[in-house]
Amino acid sequence: MSPLLLYLLSPTNIFYFLLVPALALLYTYWKISRKHMIELADKIPGPPGLPLIGNALEFIGNPNDIFTNFYQRSFEFGKTVKVWAGPRLLIFLTDPRDVELILSSHVHIDKSPEYSFFKPWLGDGLLISTGQKWRAHRKLIAPTFHLNVLKSFIDLFNKNSQETVEKLEKEVGKEFDCHDYMSEATVEILLETAMGVSKKTQDQSGYDYAMAVMKLCDIVHLRHTKFWFRPDFIFNLTKISKYQTKLISVIHNLTRKVIQKKKADFQQGIRGSTAEVPQKTTDKYENASFEQSFNGLKDDLDDDVGEKKRMAFLDLMIEASQNGVVINDEEIKEQVDTIMFEGHDTTAAGSSFFLCQMAAHPEIQDKVIQEVDEIFQGSNRPATFADTLEMKYLERCLLETLRLFPPVPIIARQLQQDVQLASNNDHVLPAGATIVIGTFKLHRLEEIYGPNAEKFDPDNFLPEKAASRHYYGFIPFSAGPRSCVGRKYAMLKLKILLSTIMRNYRIKSNLKENDYKLQGDIILKRADGFRIVLEKRKPTVTMKD
Ligand code: HEM
């Protein structure tokens, strides 16, 4: 045999001769399997992409640049926009009819692969899980945020709100970032209510936990936008991955202790929250329903009427696990991590934006102050559930804040089957695409909110205006079967926390919303910080008309 033939038939060369056609076959198969998706995607408008990397260059810059660029560029293409993140097809929807098709469906409930970056932290908790596991756990968890349970939290909402007012005292007269205080307050309120443990038994402050969560969100956002960090085998080699492990251990340390404490309480026969409650409020409107106050947030939380005794979140988790069928210890940890995250960061952002908006609109703030002063008549008594029903103007300001600054600015789903859009007969969303619902943009559409859609106007939530809008035109808590389980908890807590702050302080700032630098790293925030100045105020006794 000639030396050339010997060389060509060497095992290494045979391997390469076989590898090349195998790779070519694989590539052809990949192309054919994506042909349908690409054909449908071609009909949807979007920025032109480059071979292989698609529109990856659009994701360059800091989180504020990315957010601003995406929002501004979206106007070039209408309400349905396609973007290629490398080989991944993302389709952004903002028409409420299309949004309804996806969110109201019991079929399109799978979260997109982007949520998998949360896995080392949140495991298979409610936010990420799908199929039978999600259904069973949703059924278990949703009733723990039933109105009967929420009413039992009112004293703890009051106590923690009053403590926040006292902590804020040292900032009076200076410019500071109120988000730090709101994060600490929302973590500690969650610990004492949904988790039912005293924050004093934790050796770690709510603030440390909240800061670890914020930095972890930065990392998840980095992996969303810089797609070379997406594959685990690359990310795991980086320093950021080691930092992520450290942050997760801070977070899990707290959740592990919370569960241990609750289990120990259970063994001693203790049920319910062990947090100190200084003063019990009596409430003549004990049976009043939330729907008397605001519409449109009802579905599976209060579906069975009646005064059935219900348990708070972690009590129920432990009890269910002791019966052994529905949830095991690992799953409880995943759900506690999920509720701790979803329950604090969203409300910290919502309340911080609310305070900034009060500062930016002194005339609107005056009306909120007038309302709380009318309700409390100069007293410093804690708020009752009935009081929260009277806070109609404050509530409108809160809903308007959630409209212009939705804490969850985008929601994503993975499509398993093609979907014909309601807004355009020529557009079919292909199976395999990631569908991104752009809440931030949807909430600012002129055809829903008029020519002044970008203006902060609490009257957008006057009952008659809210009733005449498309139900999917305002979805800060998402909607449909995967909507937020904590929405009523969030509204009640925020009304008590924010009214307590407004009863004690006037809020000031030289900045208007056009000055805010926004970033959408998982939760919408101000990249420039939520800077405000507090001025101590004495409540006035204002007689009702
Ligand atoms: C202003 C406050 C809040 C806002 C704006 C908000 C918003 C949302 C949104 C948009 C979703 C859907 C996310 C998605 O599909 O990707 C969601 C889901 C969820 N939220 Fe909230 N949320 C808030 C407060 C809370 C609170 C206080 C809790 C718990 C105490 C909570 C627990 C959850 C959970 C567990 C889910 C996942 C539900 C499921 O997939 O079945 N959220 N939230």
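Model, not experiment: these values are computed from the prediction.

1. Section: the overall build of the protein
Phase 1 of the analysis: Tallying secondary structure elements over the protein gives 21 helices and eleven strands in all.
Phase 2 of the analysis: Computed over the C-alpha atoms, the radius of gyration of the protein is 25 Å, within 12% of the 24 Å expected from 2.2 N^0.38 for a compact globule of 545 residues.
Phase 3 of the analysis: Burial analysis of the protein (545 residues in total) assigns 44% to the buried set.
Phase 4 of the analysis: In the protein, of all internal contacts separated by at least 6 residues, the share reaching a separation of at least 24 is 79%.

2. Considerations on the site of the ligand
Phase 1 of the analysis: Taken together, the neighbourhood of the ligand is formed by 23 residues, with E342, G343, T346, C484 and G486 sitting nearest.
Phase 2 of the analysis: The set of elements that each furnish at least two residues to the shell around the ligand consists of α14 (329-360) and α21 (487-504).
Phase 3 of the analysis: If you tally residues by element for the shell around the ligand, the top one is α14, at seven residues.
Phase 4 of the analysis: Here the residues of the shell around the ligand are counted per class, giving 13 nonpolar, seven polar and three charged.

3. Quick word on helix α4 (residues 96-103)
Phase 1 of the analysis: Among the eight residues in α4, six count as buried, and that is most of the element.
Phase 2 of the analysis: Taken together, the buried positions of α4 are occupied by P96, D98, V99, L101, I102 and L103.

4. Section: α14
Phase 1 of the analysis: With 32 residues, α14 should cover 46 Å at 1.5 Å per step; its first-to-last C-alpha distance of 47 Å lies within 8% of that length.
Phase 2 of the analysis: Taken across its 32 residues, α14 has 29 buried, putting it largely inside the fold.

5. Quick notes on the environment of D218
Phase 1 of the analysis: Tracing the backbone through its elements, the reader meets D218 in helix α10 (residues 206-225).
Phase 2 of the analysis: Put simply, D218 and D521 are 303 residues apart on the chain and 6.2 Å apart in space, counted from C-alpha to C-alpha.

6. Quick word on the packing of helix α15 (residues 362-376) against α21
Phase 1 of the analysis: Between α15 and α21, the shortest axis-to-axis distance is 9 Å and the interhelical angle comes to 95 degrees. Comparing their axes, α21 and α15 come out roughly perpendicular. Between α15 and α21, the residues in contact are V368, I369, V372 and F376 and S499, M502 and R503, respectively.
Phase 2 of the analysis: Its residues placed into classes, the contact of α15 with α21 shows five nonpolar, one polar and one charged.

Calculation notes
- Residues numbered from 1 in each chain as written.
- Predicted model: local features only at pLDDT ≥ 70, side-chain atom pairs only at ≥ 80, totals over all residues.
- Helix = DSSP H or I, 4+ residues; strand = E, 2+ residues; numbered from the N terminus.
- Rg over C-alpha atoms; globule rule 2.2 N^0.38 Å.
- Buried ≥ 20, exposed ≤ 12 C-beta atoms within 10 Å, placed from the backbone.
- Contact = placed C-beta atoms within 7 Å.
- Near = placed C-beta within 6 Å.
- Nonpolar A, V, L, I, M, F, W, Y, C, P; charged D, E, K, R; others polar.
- Expected span 1.5 Å × (residues − 1).
- Axes fitted to C-alpha atoms, helices over the stretch in contact; angles between N-to-C directions.
- Parallel < 35°, antiparallel > 145°, perpendicular 65-115°, else oblique.

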